[in-house]
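Chain residues, written in single-letter form:
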Amino acid sequence: TNILDLQKFEEASMKLEIIDCPLYDICSQAIEQVLFLADRKNIRLQNQVNREIRARADKRIIERVLVNLLSNGIKFTPNNGNIEIRVYDHPGDTSRYRIEVIDNGEGIPADKIHMVFDRFVQIKERKSGGLYSTGIGLTFCKLAIEAHGGEIAVRSDKGIGATFYFDLAKSGGSIAVTERMPDVKGKMLPSIEFSEAEREQLRPFLSRLHQLLVYETTAVESLINQIDFHSFPGLSKWKHELD
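Please read all numbers here as calculations on a predicted model, not as lab measurements.

All right, on to the overall build of the protein chain then. Counting secondary structure elements, the protein chain contains 7 helices and 9 strands. Classification of the 243 residues of the protein chain by burial places 46% in the buried group. Across the protein chain, every contact between residues at least 6 apart in sequence was considered, and the portion connecting residues at least 24 apart equals 68%. Surface summary for the protein chain: the accessible area is close to 13700 Å², and the carbon and sulfur share equals 50%.

See the structure below:
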């Protein structure tokens, strides 16, 4: 499911159903989904969220984000450990909440923290031989939160634990949903505005491009080279980004 929704986010075809959501209920449902994993290690899962707090979000997607974060925390929290979900006012934006998933597990090496949200990256924990990321779940979390107009990050001390945190708009606020597609490294590609003439020039090629597999670069290049870029500056910029 993460893989399928990851593709939808990247193709900008994922339609979020944004409503006012009680965060306590979303957190409780996420905890229920991973409780069987926590019980195996006698890990205590605590929902510390105020029942009155409501946020603007796609309930199903945010529940999945929390399931991914809780699952990672359980994997690297020792037997009889503890994982908490907490919500605070965002320290830099009064219109948003900060949601934190806090574990007292092994933590993430300092030189690996910047990699945890990268696609297909699996961070090895030498002591346990475990993998901190499945390589997909945390990438899904990143795109899901960015689609909500927010940010997700992690802080960790080796041997003490990790805290994953993200932000959501408070109930009654507005959400700036991203319209730009992230590239394979997670950075945001620049928006490019086309003139009507440039749109007409490009339109016949788009359906043909969509039929090509992304790793068949020779076929893509062959088709792109048929487009008249010299007469259209906007298309030249687009070609540069595509290259």
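Attention now goes to the packing of helix α5 (residues 196–210) against helix α6 (residues 217–224). Closest axis-to-axis distance for the α5/α6 pair is 11 Å, and the angle between their directions is 170°. The angle between α5 and α6 falls in the class roughly antiparallel. Contacts between α5 and α6 involve F205, R208 and L209 on the former and, on the latter, V220, L223 and I224.

This next bit is on the confidence of the model for the protein chain. Taken over all residues, the pLDDT of the protein chain has a mean of 80, while the share at 70 or more is 77%. Below pLDDT 50 for its whole length, residues 125–133 participates in 29 contacts with residues either more than four positions away or in separate chains. Every residue in residues 177–185 scores below 50 in pLDDT, and together they form 17 contacts with partners more than four places removed in sequence or on other chains.

Turning our attention to the pattern of salt bridges. Enumeration according to the criterion identifies 6 salt bridges in this entry. With its nearest N and O atoms 2.6 Å apart, the salt bridge here joins R86 to E84. Of the charged contacts, one joins E146 and K142 as a salt bridge, the two residues approaching to 2.6 Å between their closest N and O atoms. One end of the pair, E146, and the other, K142, are both in helix α4 (residues 137–147), 4 residues apart, so they sit about a helical turn from each other.

Within strand β9 (residues 161–170), 10 of the 10 residues are buried, which leaves it mostly tucked inside the rest of the structure. Examined bridge by bridge, strand β3 (residues 54–58) and β9 share 2 bridges and lie antiparallel to one another. Its bridge partner lying in β9, R56 is registered against A169. The pairing of strand β5 (residues 96–103) with β9 spans 7 bridges and is antiparallel. Bridge pairing links Y97 to L168 in β9.

On to the packing of aromatic side chains. Overall, the coordinates contain 0 aromatic pairs when judged by the stated rule. Here the guanidinium or amino end of R64 rests over the ring plane of F140, the centre of that ring lying 4.3 Å away.

In terms of nonpolar packing, the biggest core is built from 43 residues, with L23, L66, L69, I85, I99, F164 and F166 touching the most fellow members. Of all the secondary structure elements, the ones that give two or more residues to this core are α2 (23–40), β3, α3 (59–75), β4 (82–89), β5, α4, β8 (152–157) and β9. Counting 13 residues, the second-largest nonpolar core is a separate cluster that includes I227, F232, L235 and W238.

A separate point is the environment of V101. In this fold, V101 is placed in strand β5. Note on V101: relative accessible area 3%, which makes it buried. Considered as a pair, V101 and I83 are 18 residues apart in the sequence and their alpha carbons are 7.0 Å apart.

This paragraph deals with α4. Counted residue by residue, α4 has 10 buried out of 11 residues, so it is predominantly covered. For α4, the complete set of buried residues consists of G137, L138, T139, F140, C141, K142, L143, A144, I145 and A147. Just beyond α4, the residue with positive phi is G149, at close to 80°.

Rules of the game
Residues numbered from 1 in each chain as written. Predicted model: local features only at pLDDT ≥ 70, side-chain atom pairs only at ≥ 80, totals over all residues. Heavy atoms only, no water. Helix = DSSP H or I, 4+ residues; strand = E, 2+ residues; numbered from the N terminus. Buried < 20%, exposed > 50% of the residue type's maximum accessible area, 1.4 Å probe, protein only. Contact = heavy atoms within 4.5 Å. Areas by Shrake-Rupley, 256 points an atom, 1.4 Å probe, with all protein chains shown as cover. Axes fitted to C-alpha atoms, helices over the stretch in contact; angles between N-to-C directions. Parallel < 35°, antiparallel > 145°, perpendicular 65-115°, else oblique. pLDDT = per-residue confidence, 0-100. Salt bridge = Lys/Arg side-chain N within 4 Å of Asp/Glu carboxyl O. Pairing = 2+ DSSP bridges. Phe/Tyr/Trp six-rings, centres within 6.5 Å; stacked < 30°, edge-to-face > 60°. Lys NZ or Arg CZ within 6 Å of the ring centre and 35° of its normal. Core = buried A, V, L, I, M, F, W, Y, C linked by side-chain atoms within 4.5 Å.

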